[in-house]
Amino acid sequence: MALRVQKFGGTSVADITHIRNVAKRVIETYDGGDNIVVVLSAMAGVTNNLISMAKEASKAPDKRELDVLLATGEQTTAAVLAIILKSMGYKAISLLGFQAGILTDTTPGKARIVDIETKRMEKLLEDRHILVVAGFQGHNTHGDITTLGRGGSDTTAVAIAAALKADVCEIFTDVDGVYTTDPRICSKAKKIDMISYEEMLEMAILGAKVLQIRSVEFAKKYNVPLHVRSSFNKEEGTMVINETEDMESVVVAGVTCDMNEARITLKRVPDQPGISAKIFTPLAKEKITVDMIIQNTRVGGETDLSFTVTKNDFEKAFAISKAVAKEIGAEDVLTADEEIAKVSVIGLGMKSHSGVAATMFQTLADENINIRLISTSEIRISCIIKAKYAELAVRALHTAFGLDKKDQ
Ligand code: ASP
Ligand code: MG
(Lines give C-alpha, C1' and ligand atoms only; values in the text may rest on other atoms or scores of the structure.)
(Ligands and ions follow the chains in the order given, each with its own letter.)
Protein backbone atom coordinates (compact mmCIF):
# COMPACT_ATOMS: atom_id res chain seq x y z
CA MET A 1 0.00 0.00 0.00
CA ALA A 2 1.35 3.39 -0.99
CA LEU A 3 0.62 6.86 0.28
CA ARG A 4 -0.11 9.36 -2.44
CA VAL A 5 -0.65 13.08 -2.22
CA GLN A 6 -2.81 14.23 -5.12
CA LYS A 7 -3.05 17.95 -5.80
CA PHE A 8 -5.70 19.31 -8.16
CA GLY A 9 -5.38 22.83 -9.55
CA GLY A 10 -8.06 25.46 -10.14
CA THR A 11 -9.14 24.31 -13.61
CA SER A 12 -9.53 20.74 -12.31
CA VAL A 13 -12.03 21.92 -9.68
CA ALA A 14 -13.62 24.67 -11.77
CA ASP A 15 -17.22 23.60 -10.97
CA ILE A 16 -19.22 20.76 -9.39
CA THR A 17 -18.94 18.58 -12.51
CA HIS A 18 -15.16 18.89 -12.42
CA ILE A 19 -15.06 18.20 -8.69
CA ARG A 20 -17.13 15.04 -9.27
CA ASN A 21 -14.49 13.93 -11.77
CA VAL A 22 -11.80 14.57 -9.18
CA ALA A 23 -13.78 12.41 -6.74
CA LYS A 24 -13.89 9.59 -9.31
CA ARG A 25 -10.18 9.80 -9.92
CA VAL A 26 -9.37 9.82 -6.22
CA ILE A 27 -11.62 6.85 -5.55
CA GLU A 28 -9.98 4.79 -8.28
CA THR A 29 -6.64 4.96 -6.51
CA TYR A 30 -8.18 4.60 -3.07
CA ASP A 31 -10.12 1.48 -4.10
CA GLY A 32 -6.86 0.03 -5.41
CA GLY A 33 -5.65 0.07 -1.80
CA ASP A 34 -3.57 3.24 -1.60
CA ASN A 35 -3.99 5.92 1.05
CA ILE A 36 -4.76 9.35 -0.34
CA VAL A 37 -4.31 12.93 0.76
CA VAL A 38 -6.00 15.27 -1.70
CA VAL A 39 -4.88 18.91 -1.78
CA LEU A 40 -7.10 21.36 -3.63
CA SER A 41 -6.81 24.82 -5.13
CA ALA A 42 -9.70 27.24 -5.27
CA MET A 43 -11.99 27.08 -8.32
CA ALA A 44 -10.31 28.72 -11.32
CA GLY A 45 -10.62 32.52 -11.12
CA VAL A 46 -11.92 32.57 -7.55
CA THR A 47 -8.72 33.83 -5.92
CA ASN A 48 -8.54 36.65 -8.47
CA ASN A 49 -12.16 37.55 -7.76
CA LEU A 50 -11.53 37.60 -4.04
CA ILE A 51 -8.56 39.91 -4.54
CA SER A 52 -10.71 42.26 -6.65
CA MET A 53 -13.38 42.20 -3.98
CA ALA A 54 -10.86 43.21 -1.31
CA LYS A 55 -9.55 46.00 -3.52
CA GLU A 56 -13.07 47.24 -4.05
CA ALA A 57 -13.54 47.30 -0.29
CA SER A 58 -10.31 49.20 0.29
CA LYS A 59 -7.42 50.55 -1.77
CA ALA A 60 -4.98 48.96 0.65
CA PRO A 61 -6.77 46.00 2.24
CA ASP A 62 -5.53 44.96 5.67
CA LYS A 63 -3.16 42.06 5.11
CA ARG A 64 -4.38 39.85 7.92
CA GLU A 65 -7.96 40.10 6.75
CA LEU A 66 -6.92 39.60 3.13
CA ASP A 67 -5.47 36.22 4.12
CA VAL A 68 -8.72 35.33 5.88
CA LEU A 69 -10.62 36.23 2.72
CA LEU A 70 -8.32 34.49 0.23
CA ALA A 71 -8.30 31.27 2.23
CA THR A 72 -12.03 30.87 1.63
CA GLY A 73 -11.50 29.81 -1.99
CA GLU A 74 -9.79 26.60 -0.93
CA GLN A 75 -12.13 26.10 2.01
CA THR A 76 -15.00 25.90 -0.49
CA THR A 77 -13.49 23.30 -2.81
CA ALA A 78 -12.22 21.12 0.04
CA ALA A 79 -15.65 21.05 1.66
CA VAL A 80 -17.43 20.32 -1.63
CA LEU A 81 -15.15 17.40 -2.51
CA ALA A 82 -15.54 15.95 0.99
CA ILE A 83 -19.32 16.27 0.69
CA ILE A 84 -19.26 14.42 -2.64
CA LEU A 85 -16.98 11.65 -1.36
CA LYS A 86 -19.08 11.17 1.77
CA SER A 87 -22.29 11.08 -0.26
CA MET A 88 -20.75 8.23 -2.26
CA GLY A 89 -20.22 6.29 0.94
CA TYR A 90 -16.51 6.91 1.41
CA LYS A 91 -14.74 7.85 4.62
CA ALA A 92 -13.52 11.34 3.84
CA ILE A 93 -12.82 14.50 5.79
CA SER A 94 -11.97 18.05 4.80
CA LEU A 95 -9.12 19.75 6.67
CA LEU A 96 -8.31 23.44 6.59
CA GLY A 97 -4.67 24.47 6.92
CA PHE A 98 -4.73 24.66 10.72
CA GLN A 99 -6.58 21.35 11.02
CA ALA A 100 -3.93 19.72 8.85
CA GLY A 101 -1.30 21.11 11.25
CA ILE A 102 0.34 23.45 8.75
CA LEU A 103 2.31 26.00 10.75
CA THR A 104 3.78 28.99 8.93
CA ASP A 105 5.77 32.10 9.71
CA THR A 106 3.93 35.39 10.16
CA THR A 107 4.45 36.95 6.71
CA PRO A 108 0.94 37.70 5.44
CA GLY A 109 0.23 36.81 1.82
CA LYS A 110 3.51 34.98 1.33
CA ALA A 111 3.98 32.86 4.41
CA ARG A 112 6.50 30.04 4.54
CA ILE A 113 5.66 26.66 6.02
CA VAL A 114 7.87 26.07 9.05
CA ASP A 115 6.42 22.83 10.37
CA ILE A 116 3.62 20.34 9.87
CA GLU A 117 2.14 18.62 12.89
CA THR A 118 1.14 15.35 11.27
CA LYS A 119 -0.48 13.44 14.15
CA ARG A 120 -4.07 14.10 13.19
CA MET A 121 -3.51 13.31 9.51
CA GLU A 122 -1.61 10.12 10.37
CA LYS A 123 -4.35 8.89 12.64
CA LEU A 124 -7.03 9.55 10.03
CA LEU A 125 -4.99 7.80 7.35
CA GLU A 126 -4.48 4.74 9.55
CA ASP A 127 -8.24 4.66 9.75
CA ARG A 128 -8.39 4.74 5.90
CA HIS A 129 -9.91 8.19 5.61
CA ILE A 130 -9.46 10.13 2.40
CA LEU A 131 -8.07 13.49 3.55
CA VAL A 132 -9.13 16.56 1.61
CA VAL A 133 -6.81 19.41 2.54
CA ALA A 134 -7.43 23.04 1.58
CA GLY A 135 -4.27 24.16 -0.22
CA PHE A 136 -2.56 27.55 -0.07
CA GLN A 137 -3.24 28.16 3.62
CA GLY A 138 -1.80 27.59 7.06
CA HIS A 139 -1.81 29.20 10.48
CA ASN A 140 0.92 31.10 12.28
CA THR A 141 2.09 31.10 15.89
CA HIS A 142 -0.48 33.79 16.74
CA GLY A 143 -3.22 31.41 15.62
CA ASP A 144 -4.01 33.53 12.57
CA ILE A 145 -4.75 32.26 9.08
CA THR A 146 -1.97 32.80 6.54
CA THR A 147 -1.68 32.15 2.81
CA LEU A 148 1.38 30.92 0.96
CA GLY A 149 1.53 33.18 -2.10
CA ARG A 150 -0.03 32.69 -5.54
CA GLY A 151 0.15 29.10 -6.71
CA GLY A 152 0.75 28.06 -3.11
CA SER A 153 -1.34 24.88 -3.20
CA ASP A 154 1.56 23.18 -4.97
CA THR A 155 3.70 23.92 -1.93
CA THR A 156 1.01 22.65 0.46
CA ALA A 157 0.95 19.37 -1.45
CA VAL A 158 4.71 18.91 -1.57
CA ALA A 159 5.15 19.90 2.07
CA ILE A 160 2.50 17.41 3.19
CA ALA A 161 4.09 14.72 1.01
CA ALA A 162 7.44 15.42 2.65
CA ALA A 163 6.04 15.46 6.18
CA LEU A 164 4.07 12.23 5.72
CA LYS A 165 6.88 10.63 3.68
CA ALA A 166 4.47 9.94 0.85
CA ASP A 167 5.59 7.72 -2.02
CA VAL A 168 4.67 10.32 -4.62
CA CYS A 169 3.16 13.76 -4.94
CA GLU A 170 0.97 13.97 -8.03
CA ILE A 171 0.24 17.45 -9.36
CA PHE A 172 -2.90 17.21 -11.51
CA THR A 173 -3.27 20.17 -13.82
CA ASP A 174 -4.70 21.25 -17.17
CA VAL A 175 -1.57 20.39 -19.19
CA ASP A 176 -0.03 16.97 -19.84
CA GLY A 177 3.19 17.73 -18.00
CA VAL A 178 6.23 19.96 -18.22
CA TYR A 179 7.11 20.96 -21.78
CA THR A 180 10.44 21.75 -23.44
CA THR A 181 9.05 25.24 -23.94
CA ASP A 182 5.69 27.02 -23.90
CA PRO A 183 3.54 25.15 -26.48
CA ARG A 184 1.60 28.38 -27.12
CA ILE A 185 4.78 29.96 -28.45
CA CYS A 186 6.30 26.93 -30.13
CA SER A 187 4.06 24.26 -31.67
CA LYS A 188 7.00 21.85 -31.69
CA ALA A 189 7.32 21.85 -27.91
CA LYS A 190 7.18 18.35 -26.47
CA LYS A 191 6.40 16.86 -23.12
CA ILE A 192 9.42 16.00 -20.99
CA ASP A 193 9.22 12.52 -19.44
CA MET A 194 11.78 13.09 -16.71
CA ILE A 195 13.49 16.19 -15.39
CA SER A 196 15.74 16.88 -12.41
CA TYR A 197 14.71 19.12 -9.51
CA GLU A 198 17.50 21.51 -10.40
CA GLU A 199 16.37 21.93 -14.01
CA MET A 200 12.73 22.23 -12.94
CA LEU A 201 13.69 24.89 -10.43
CA GLU A 202 15.47 26.96 -13.09
CA MET A 203 12.50 26.51 -15.44
CA ALA A 204 10.02 27.61 -12.75
CA ILE A 205 12.14 30.62 -11.83
CA LEU A 206 12.47 31.55 -15.48
CA GLY A 207 8.78 31.62 -16.18
CA ALA A 208 7.46 28.07 -16.66
CA LYS A 209 4.22 28.40 -14.73
CA VAL A 210 3.41 24.73 -14.08
CA LEU A 211 4.73 24.64 -10.52
CA GLN A 212 5.18 27.23 -7.81
CA ILE A 213 8.92 27.85 -7.36
CA ARG A 214 8.82 27.16 -3.65
CA SER A 215 7.17 23.78 -4.17
CA VAL A 216 10.12 22.68 -6.33
CA GLU A 217 12.60 23.91 -3.71
CA PHE A 218 10.71 21.88 -1.13
CA ALA A 219 10.61 18.77 -3.30
CA LYS A 220 14.35 19.05 -3.93
CA LYS A 221 15.19 19.54 -0.27
CA TYR A 222 13.10 16.62 0.94
CA ASN A 223 13.49 14.42 -2.11
CA VAL A 224 9.77 14.18 -2.88
CA PRO A 225 9.14 12.59 -6.28
CA LEU A 226 6.73 14.83 -8.21
CA HIS A 227 4.51 13.66 -11.02
CA VAL A 228 3.05 16.56 -13.01
CA ARG A 229 0.15 15.21 -15.07
CA SER A 230 -3.19 16.02 -16.60
CA SER A 231 -6.38 15.65 -14.62
CA PHE A 232 -8.29 15.23 -17.89
CA ASN A 233 -6.59 12.06 -19.15
CA LYS A 234 -4.71 9.04 -17.83
CA GLU A 235 -1.42 9.65 -19.68
CA GLU A 236 1.81 9.65 -17.75
CA GLY A 237 3.06 13.20 -17.29
CA THR A 238 6.49 14.47 -16.25
CA MET A 239 8.44 13.00 -13.33
CA VAL A 240 10.47 15.57 -11.42
CA ILE A 241 13.13 13.65 -9.52
CA ASN A 242 16.73 13.61 -8.37
CA GLU A 243 19.28 13.86 -11.14
CA THR A 244 20.21 10.55 -12.75
CA GLU A 245 23.30 9.80 -14.81
CA ASP A 246 21.64 9.76 -18.22
CA MET A 247 20.08 13.17 -17.60
CA GLU A 248 23.47 14.74 -18.31
CA SER A 249 23.45 13.38 -21.83
CA VAL A 250 20.68 15.85 -22.66
CA VAL A 251 22.51 19.15 -23.14
CA VAL A 252 19.45 21.39 -23.11
CA ALA A 253 16.23 20.20 -21.49
CA GLY A 254 14.18 23.31 -22.03
CA VAL A 255 13.92 26.86 -23.35
CA THR A 256 12.09 29.55 -21.37
CA CYS A 257 11.01 33.09 -21.96
CA ASP A 258 10.31 35.62 -19.25
CA MET A 259 8.74 38.95 -20.20
CA ASN A 260 8.47 40.14 -16.65
CA GLU A 261 11.72 42.06 -16.31
CA ALA A 262 12.77 45.63 -17.03
CA ARG A 263 16.25 47.06 -17.47
CA ILE A 264 17.79 50.14 -15.90
CA THR A 265 21.11 51.54 -17.17
CA LEU A 266 23.36 54.13 -15.62
CA LYS A 267 25.96 55.42 -18.04
CA ARG A 268 29.25 57.09 -17.23
CA VAL A 269 29.28 56.03 -13.61
CA PRO A 270 32.56 56.97 -11.86
CA ASP A 271 34.80 53.89 -11.72
CA GLN A 272 35.56 53.95 -8.01
CA PRO A 273 35.32 51.59 -5.06
CA GLY A 274 31.93 51.69 -3.34
CA ILE A 275 29.84 52.90 -6.27
CA SER A 276 28.05 49.58 -6.84
CA ALA A 277 27.27 49.36 -3.14
CA LYS A 278 25.77 52.87 -3.30
CA ILE A 279 23.45 51.77 -6.09
CA PHE A 280 22.43 48.33 -4.85
CA THR A 281 22.20 48.84 -1.08
CA PRO A 282 19.13 51.11 -1.23
CA LEU A 283 17.49 48.64 -3.65
CA ALA A 284 18.13 45.78 -1.23
CA LYS A 285 16.72 47.85 1.63
CA GLU A 286 13.48 48.14 -0.32
CA LYS A 287 13.51 44.34 -0.80
CA ILE A 288 13.91 44.75 -4.57
CA THR A 289 15.50 41.70 -6.13
CA VAL A 290 18.01 42.53 -8.82
CA ASP A 291 18.43 39.78 -11.39
CA MET A 292 21.11 40.48 -13.99
CA ILE A 293 23.91 42.98 -13.53
CA ILE A 294 26.45 44.00 -16.12
CA GLN A 295 29.24 46.55 -15.88
CA ASN A 296 31.35 47.79 -18.81
CA THR A 297 34.43 49.86 -18.16
CA ARG A 298 35.01 52.75 -20.57
CA VAL A 299 38.35 54.31 -21.17
CA GLY A 300 38.76 57.32 -18.92
CA GLY A 301 37.68 56.08 -15.51
CA GLU A 302 33.96 55.59 -16.09
CA THR A 303 31.71 52.56 -16.42
CA ASP A 304 28.25 51.77 -17.73
CA LEU A 305 26.12 49.76 -15.35
CA SER A 306 22.95 47.89 -16.33
CA PHE A 307 20.69 45.71 -14.23
CA THR A 308 17.25 44.15 -14.40
CA VAL A 309 14.41 44.00 -11.90
CA THR A 310 10.88 42.61 -12.19
CA LYS A 311 8.33 44.91 -13.80
CA ASN A 312 6.51 45.03 -10.46
CA ASP A 313 9.53 46.60 -8.81
CA PHE A 314 10.47 48.78 -11.77
CA GLU A 315 8.96 52.11 -10.71
CA LYS A 316 10.43 51.93 -7.24
CA ALA A 317 13.82 50.81 -8.57
CA PHE A 318 13.87 53.60 -11.14
CA ALA A 319 13.09 56.25 -8.53
CA ILE A 320 15.87 54.95 -6.28
CA SER A 321 18.30 54.83 -9.22
CA LYS A 322 17.46 58.43 -10.06
CA ALA A 323 18.31 59.56 -6.56
CA VAL A 324 21.56 57.61 -6.53
CA ALA A 325 22.50 58.82 -10.01
CA LYS A 326 22.10 62.37 -8.82
CA GLU A 327 24.28 61.70 -5.82
CA ILE A 328 27.11 60.15 -7.83
CA GLY A 329 26.92 62.53 -10.72
CA ALA A 330 25.46 60.20 -13.35
CA GLU A 331 22.06 61.82 -13.30
CA ASP A 332 21.42 62.75 -16.91
CA VAL A 333 22.56 59.40 -18.29
CA LEU A 334 19.96 57.17 -16.69
CA THR A 335 17.89 55.12 -19.12
CA ALA A 336 15.29 52.39 -18.76
CA ASP A 337 13.77 49.76 -21.01
CA GLU A 338 10.65 47.85 -20.12
CA GLU A 339 10.30 46.16 -23.50
CA ILE A 340 12.75 43.36 -22.91
CA ALA A 341 12.55 39.58 -22.73
CA LYS A 342 14.82 37.09 -21.06
CA VAL A 343 15.26 33.90 -23.08
CA SER A 344 17.09 31.06 -21.40
CA VAL A 345 18.27 27.56 -22.16
CA ILE A 346 18.45 25.11 -19.27
CA GLY A 347 20.10 21.71 -19.01
CA LEU A 348 22.18 19.57 -16.67
CA GLY A 349 24.24 18.51 -19.67
CA MET A 350 25.85 21.94 -19.76
CA LYS A 351 28.03 20.84 -16.86
CA SER A 352 29.85 18.42 -19.13
CA HIS A 353 29.29 19.75 -22.66
CA SER A 354 31.08 22.74 -24.11
CA GLY A 355 29.90 25.13 -26.79
CA VAL A 356 26.37 25.64 -25.50
CA ALA A 357 26.81 29.40 -25.12
CA ALA A 358 28.37 29.63 -28.59
CA THR A 359 25.42 27.76 -30.14
CA MET A 360 22.96 30.01 -28.33
CA PHE A 361 24.68 33.23 -29.46
CA GLN A 362 25.10 32.02 -33.03
CA THR A 363 21.43 31.01 -33.22
CA LEU A 364 20.35 34.47 -32.09
CA ALA A 365 22.86 36.09 -34.47
CA ASP A 366 21.48 34.07 -37.40
CA GLU A 367 18.06 35.57 -36.65
CA ASN A 368 19.62 39.03 -36.43
CA ILE A 369 18.70 39.36 -32.78
CA ASN A 370 20.92 41.60 -30.70
CA ILE A 371 21.85 40.41 -27.21
CA ARG A 372 21.75 43.14 -24.56
CA LEU A 373 22.75 41.28 -21.40
CA ILE A 374 23.95 37.76 -20.67
CA SER A 375 23.98 35.78 -17.45
CA THR A 376 24.81 32.17 -16.72
CA SER A 377 24.67 29.55 -14.01
CA GLU A 378 26.09 26.05 -14.07
CA ILE A 379 23.02 24.74 -15.88
CA ARG A 380 21.55 27.85 -17.55
CA ILE A 381 22.36 30.61 -20.03
CA SER A 382 20.07 33.64 -20.23
CA CYS A 383 20.08 36.49 -22.74
CA ILE A 384 18.15 39.72 -22.58
CA ILE A 385 16.81 40.71 -25.99
CA LYS A 386 14.14 43.06 -27.35
CA ALA A 387 10.69 41.82 -26.34
CA LYS A 388 9.40 41.78 -29.91
CA TYR A 389 11.91 39.07 -30.87
CA ALA A 390 11.12 36.80 -27.92
CA GLU A 391 8.96 34.24 -29.74
CA LEU A 392 11.29 34.05 -32.70
CA ALA A 393 14.23 33.48 -30.36
CA VAL A 394 12.45 30.73 -28.44
CA ARG A 395 11.53 28.86 -31.64
CA ALA A 396 15.02 29.19 -33.11
CA LEU A 397 16.70 27.98 -29.90
CA HIS A 398 14.25 25.09 -29.58
CA THR A 399 15.27 23.92 -33.05
CA ALA A 400 18.98 24.62 -32.58
CA PHE A 401 19.19 22.46 -29.46
CA GLY A 402 17.36 19.55 -31.09
CA LEU A 403 14.20 19.80 -29.01
CA ASP A 404 11.65 19.94 -31.84
CA LYS A 405 9.00 17.26 -31.82
CA LYS A 406 9.86 14.86 -34.63
CA ASP A 407 6.38 13.84 -35.74
CA GLN A 408 5.29 17.26 -36.97
N1 ASP B 1 -5.80 29.66 -5.25
C2 ASP B 1 -4.45 30.14 -5.12
C3 ASP B 1 -4.05 30.93 -6.36
O4 ASP B 1 -4.83 31.08 -7.27
C5 ASP B 1 -3.47 29.07 -4.82
C6 ASP B 1 -3.37 27.98 -5.85
O7 ASP B 1 -4.23 27.82 -6.71
O8 ASP B 1 -2.36 27.24 -5.83
O9 ASP B 1 -2.96 31.42 -6.44
MG1 MG C 1 -0.87 26.47 -10.05
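Predicted, not measured: the structure shown is a model, and the values here were computed from it.

Asks: For the pairing of strand 9 (residues 168-173), give the residues involved together with the corresponding values.
Replies: Most of strand 9 sits out of view: six of its six residues are buried. Residues Val-168, Glu-170 and Phe-172 point to one face of strand 9 and Cys-169, Ile-171 and Thr-173 to the other, with burial holding for every one of them. Sheet analysis places strand 1 (residues 3-8) next to strand 9, joined by five bridges and oriented parallel. When the bridges of strand 9 are listed, Lys-7 appears paired with Ile-171. Where strand 9 and strand 11 (residues 226-230) come together, five bridges link them in parallel fashion. Counterpart to Cys-169 in the pairing with strand 11 is Leu-226.

Asks: For helix 11 (residues 356-366), give the residues involved together with the corresponding values.
Replies: Along an α-helix, residues three or four apart share an orientation, since each turn contains 3.6 residues. Val-356, Met-360, Thr-363 and Leu-364 are the residues of helix 11 that are buried. Taken end-on, helix 11 shows its buried residues confined to a sector of 95°, consistent with a single buried face. Tucked into the core, helix 11 has its buried residues touching strand 18 (340-346), strand 20 (380-386) and helix 12 (390-400). Of the residues trailing helix 11, Asn-368 is marked for its positive phi of about 65°.

Asks: Any details on the packing of helix 2 (residues 46-57) against helix 3 (residues 63-70)? Residues and values, ideally.
Replies: Packing of helix 2 against helix 3 brings their axes to within 10 Å, and their N-to-C directions diverge by 145°. Note on packing geometry: the crossing formed by helix 2 with helix 3 is right-handed. Every residue of helix 3 that contacts helix 2 at Thr-47, Leu-50, Ile-51 and Ala-54 is listed here: Leu-66, Leu-69 and Leu-70. Class assignment for the residues of the contact of helix 2 with helix 3 results in six nonpolar, one polar and no charged.

Asks: I'd like a rundown of the sheet that holds strand 15 (residues 290-298), residues and numbers included.
Replies: The antiparallel open sheet is built from four strands, whose spatial order is 15-16-14-17. Edge positions in the open sheet fall to strand 15 and strand 17 (334-337), since each of these has one partner strand only. Each neighbouring strand pair of the sheet contributes to a mean axis angle of 15°, computed without reference to strand direction. Sheet analysis places strand 15 next to strand 16 (residues 302-310), joined by seven bridges and oriented antiparallel. Of the residues in strand 16, the one forming a bridge with Ile-294 is Ser-306. Here helix 9 (residues 275-285) sits on the sheet in contact with strand 14 (261-270), strand 15 and strand 16, set at roughly 15° to strand 16. In the packing of helix 10 (residues 311-328) onto the sheet, contacts are made with strand 14, strand 16 and strand 17, and the angle to strand 14 comes to roughly 5°.

Asks: If you had to explain the site of ligand 1 to someone new, which residues and values would you point to?
Replies: Taken together, Ser-41, Ala-42, Thr-47, Glu-74, Phe-136, Arg-150, Gly-151, Gly-152 and Ser-153 make up the full set of residues adjacent to ligand 1. Contact between ligand 1 and Arg-150: an oxygen atom at 2.7 Å from a side-chain N or O atom of the residue. In the model, an oxygen atom of ligand 1 is placed 2.8 Å from a nitrogen or oxygen of the Gly-151 main chain. Against a free-state accessible area of 260 Å², the protein chains account for coverage of 86% of ligand 1. Along the lines of polarity and charge, the residues of the shell around ligand 1 split into two nonpolar, five polar and two charged.

About the thresholds
Residues numbered from 1 in each chain as written. Chains lettered and ligands numbered in written order. Predicted model: local features only at pLDDT ≥ 70, side-chain atom pairs only at ≥ 80, totals over all residues. Heavy atoms only, no water. Buried < 20%, exposed > 50% of the residue type's maximum accessible area, 1.4 Å probe, protein only. Helix = DSSP H or I, 4+ residues; strand = E, 2+ residues; numbered from the N terminus. Pairing = 2+ DSSP bridges. Arc of directions from axis to C-beta. Contact = heavy atoms within 4.5 Å. Axes fitted to C-alpha atoms, helices over the stretch in contact; angles between N-to-C directions. Left-handed = near helix turned anticlockwise from the far one by under 90°. Nonpolar A, V, L, I, M, F, W, Y, C, P; charged D, E, K, R; others polar. Near = heavy atom within 4 Å. Polar contact = N/O pair within 3.5 Å; in protein donor to acceptor, adjacent residues only side chain to side chain. Areas by Shrake-Rupley, 256 points an atom, 1.4 Å probe, with all protein chains shown as cover.

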